[in-house]
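Structure assessment
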Amino acid sequence: MTLMRSRPVAAVGSVVLSVIATAGWASPDSRRAGPVFDYREVMIPMRDGIQLQTVILTPVGHNDSLPILLNRSPYGVPSRAPETVPPNLTALVHDGYIFVMQNVRGRFKSQGNFAVSTSIDPNAPDAVNDATDAYDTIEWLVHHVPESSGKVGMYGVSYAGMTAALALLHPHPALKAVSEQGAAADEWMNDDFHHYGALRLSYAFEYAVREQADRNTNAPFDFGARDTYDWYLQLGPLSNVNSRYLHGALSFWNDVVAHPDYDAYWKKDAWVRQLHGSAVPLLNVAGYWDQEDPWGPWEIYRQVAADRARGGTNLMVAGPWTHGAWERDPKGNKLGSITLGGSETSREFRERIEAPFFRYFLHGQGDRPQWTVKSFQTGSNTWHDYDAWPPLQARAAKLYLHADGSASFDPPTEHAGSAAFREYVSDPAHPVPYRERPISPIGPGGAWADWQASDQRFLQQREDVLTYITGPLDHPVTLTGNVSAELSASTSGTDSDFVVKLIDVMPEQGGYEWPVAMEVRRGRYNASFERPTPLPRNRPTQWVVPLGDHDHLFGAGHRILVQIQSTWFPLIDRNPQKFVPNIYRASDRDFVKATQRVYSTPRLPSYVVLPLMP
Ligand code: PG9
């Protein structure tokens, strides 16, 4: 297939890969003479005979036995010994670990097949998967690495975070600590490939090409110099992906198309449903602005916390980070163009949270963590410890959206002449871009990483984006916990999307509209994720739009802005707005304009539920 540029790039989220394989661990502030690690590449056999390509980096000149930190990903392993240590590993390197990196099945020299989806079949206990591969790898390492102390930790971001967490389903006795960071847990519900069943078009297509078209690279699809917005619009209905470009060659894309609803395929992929407690100490890490896996870490934390009988250490850390920024970013003192009050959140995480966690559980040194949830609250720009998530003091308050375009904590009242709703026309031929155009592909080099923090004023002229805004706040408003929106809304179509954004309008930054939370809900799944149903035309129905976990202070003088729209392109595929059994098989004719109404009456209110702290 001629899909890719010839130059391979590191995959987003493959933090260890991008640091080790492409940067060569060069860092001005950590230079030292001579090699830092001894390098060994081995093929480790799994229980079914398949061998996985693995690199073992042992610190030079270390005489004691050391714990192993294992990272398993599809993104490649280093081809030589690093000569210097990058800032993001200095804290761990200082404590001393043997770093082991492995390619998962079917990637680079690892044998077998890479399916993208991690399917764990609870009814097939003898099947091989990422949980058994982690087990077999650890078994081999503790018996074949003479420098090993016999204790193993697993860690990683995104895919590698997922493989670390998957090891908890079937943990090897030597596995003593796990830190999953931005791990995917349910790819239909809310991680990389869908949000509540709405396809994350650009990510799903571009990731499938990058990781499945050639097992030996992470090579992106070749869009040429084009704005990908235009490319995806000209693509037309999604059946054209295979008929024009992929020709059925990528099994993951074929799976996506064959499984539009939340069926057995996606439920098996949602491995977190099988996780019940963890006897292995666990450090979960989430970014509040994670553009890929915002949901996984919270779900893993909740799932383990729900099983109190198993007890154990289950910690949650969240901060002002895009996907993997806590690892990738030397400092973490900015989110896009927004500064974070002088805090170096990524460095602080690595030095004060991650390194002490592994130090205690793998080296037996330092103190056992005495906290449950640590969160960097934006707005106040301060770290907070909470005993539980959401914090018990948080109280739900409704921020009502009024038909005059205002937003307030006062419910709507009925009075003569007041409008019941506001409306706009949603046109799939002119979808609302999800960020300012031109839109570069996902992955390094473009604006993909921090688009979720980008200024939303670029939408001010669009008539198909509704805005609701408060006056300047006379005191700070802090929300900590789970945010959601409930709309009373109708469409003239029989299927439709509503996107809700909660935005901080910042006077000190000239009115920058900083999104704090954003989400889409696809109407066909309002009643059931398993069985989509058509919407009744022009009849207001309740749309629940979950907006995720957040910790943010809207400062005095700031205003809270809510935006509502029905397309978010090409982040999310276009809803035809006419109900069809499978959107991936919709034809051009199925895509129709629809009139959308958002109601604001006492009987049909629309609001955002904010978990307010006292
Ligand atoms: N977000 C990527 C991913 C994780 C899990 C499954 C598929 C993709 C990643 O950055 O690794």
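Predicted model, so just to flag it, every value in this text is computed and none were measured.

1. Here's the deal with the overall build of the protein
Scanning the protein from N- to C-terminus turns up twelve helices and 25 strands. Against the compact-globule benchmark of 25 Å for 614 residues, the protein has a radius of gyration of 24 Å, which places it among compact chains. Here the contacts in the protein between residues at least 6 apart in sequence split such that 78% fall between residues at least 24 apart. Put simply, the protein shows about 22,700 Å² of open surface, and 49% of that area lies on carbon and sulfur atoms. Taking the average place of the 55 positive charges on the side chains of the protein and the average place of its 67 negative ones, the gap between the two points comes to 3 Å.

2. A closer look at the packing of aromatic side chains
Applying the stated criterion to the full structure yields 45 aromatic pairs. A centroid spacing of 4.9 Å and a plane angle of 25 degrees characterise the contact between Trp188 and Tyr262, whose relative ring orientation is stacked. Taken together, the residues Trp188 in the loop between strand 6 (175–181) and strand 7 (194–195) and Tyr262 in the loop between helix 8 (251–258) and helix 9 (264–269) connect sequence positions 74 residues apart. Exposure remark for Trp188: the relative accessible area of 0% places this residue in the buried category. Plain terms: the ring middles of Phe221 and Phe223 are 4.8 Å apart, the flat faces sit at 70 degrees to each other, and that makes the pair edge-to-face. For Phe223, a relative accessible area of 3% puts it in the buried group. By way of ring pairs, the aromatic residues Phe193, Tyr203, Tyr207, Phe252, Tyr434, Trp448, Trp451 and Trp568 are connected into one cluster. Looking at Arg524, its charged tip hangs above the ring of Tyr525, at a distance of 5.7 Å from the centre.

3. Things to note about the sheet that holds strand 13 (residues 373–377)
Read from one edge of the open sheet, ten strands run 1-2-4-3-5-6-9-10-13-14, paired in mixed fashion. Of all strands in the sheet, those bounded by a partner on one side alone are strand 1 (37–45) and strand 14 (382–386). Direction aside, the axes of adjacent strands within the sheet are offset by 20 degrees on average. Across five bridges, the pairing between strand 13 and strand 14 is antiparallel. When the sheet's bridge partners are listed, Ser375 is paired in strand 14 with His384. The strands touched by helix 3 (residues 130–144) are strand 1, strand 2 (51–59), strand 3 (66–73), strand 4 (98–103), strand 5 (148–157) and strand 6; relative to strand 3, the strand with the most contacts, the crossing angle is about 150 degrees.

4. Brief notes about empty space enclosed by the protein
Applying the stated criterion across every chain, the model contains six cavities of 30 Å³ or more. In this structure, the largest cavity occupies an estimated 140 Å³ of space. Lining the largest cavity are 19 residues; nearest its centre among them are Tyr159, Met162, Ala184, Glu187 and Asp192. Considering only residue class, the lining of the largest cavity consists of eleven nonpolar, three polar and five charged.

5. What to know about the environment of Gly277
By the element assignment, Gly277 lies in the loop between helix 9 and strand 9 (282–287). When the C-alpha positions of Gly277 and Leu169 are compared, they lie 9.3 Å apart, and in sequence the two are 108 residues distant.

6. Some points on the packing of helix 6 (residues 228–235) against helix 7 (residues 239–246)
At a minimum axis distance of 9 Å, the contact between helix 6 and helix 7 shows a crossing angle of 100 degrees. One finds that helix 6 runs roughly perpendicular with respect to helix 7. Across the interface between the two elements, Trp231, Gln234 and Leu235 of helix 6 pack against Asn240, Val241, Arg244 and Tyr245 of helix 7. A class-by-class count of the residues in the contact of helix 6 with helix 7 yields four nonpolar, two polar and one charged.

7. A look at the pattern of salt bridges
When the charged atoms of two side chains lie near each other, side chains of opposite charge can form a pair. Counted by the stated rule, this structure contains 25 salt bridges. Note that Glu41 is salt-bridged to Lys109, the shortest N-O span being 2.8 Å. Taken together, the residues span a long stretch of sequence, with Glu41 in strand 1 and Lys109 in the loop between strand 4 and helix 3 at a distance of 68 residues. Its relative accessible area of 51% is what places Lys109 among the exposed residues. Of the charged contacts in the structure, one is a salt bridge between Glu351 and Arg347, with a shortest N-O distance of 2.9 Å. Here Glu351 and its partner Arg347 are both found in helix 12 (residues 345–363), four residues apart, which amounts to about one turn of the helix. A residue is classified by how much of its surface remains accessible, and Glu351, at 37% relative accessible area, is partly exposed.

8. Quick notes on the side chain of Asp136
With respect to the secondary-structure elements, Asp136 resides in helix 3. Take Asp136: its relative accessible area is 11%, and that puts it in the buried class.

What counts as what
Residues numbered from 1 in each chain as written. Predicted model: local features only at pLDDT ≥ 70, side-chain atom pairs only at ≥ 80, totals over all residues. Heavy atoms only, no water. Helix = DSSP H or I, 4+ residues; strand = E, 2+ residues; numbered from the N terminus. Rg over C-alpha atoms; globule rule 2.2 N^0.38 Å. Contact = heavy atoms within 4.5 Å. Areas by Shrake-Rupley, 256 points an atom, 1.4 Å probe, with all protein chains shown as cover. Lys, Arg positive; Asp, Glu negative; His and termini not counted. Charge placed at Lys NZ, Arg CZ, Asp CG, Glu CD. Phe/Tyr/Trp six-rings, centres within 6.5 Å; stacked < 30°, edge-to-face > 60°. Buried < 20%, exposed > 50% of the residue type's maximum accessible area, 1.4 Å probe, protein only. Lys NZ or Arg CZ within 6 Å of the ring centre and 35° of its normal. Pairing = 2+ DSSP bridges. Axes fitted to C-alpha atoms, helices over the stretch in contact; angles between N-to-C directions. 1 Å grid on protein atoms, 1.4 Å probe; cavity = no way out; pocket = protein on both sides within 12 Å on 5 of 7 lines; lining within 4 Å. Points joined across faces, edges and corners; volume = space filled by probe spheres on them. Nonpolar A, V, L, I, M, F, W, Y, C, P; charged D, E, K, R; others polar. Parallel < 35°, antiparallel > 145°, perpendicular 65-115°, else oblique. Salt bridge = Lys/Arg side-chain N within 4 Å of Asp/Glu carboxyl O.

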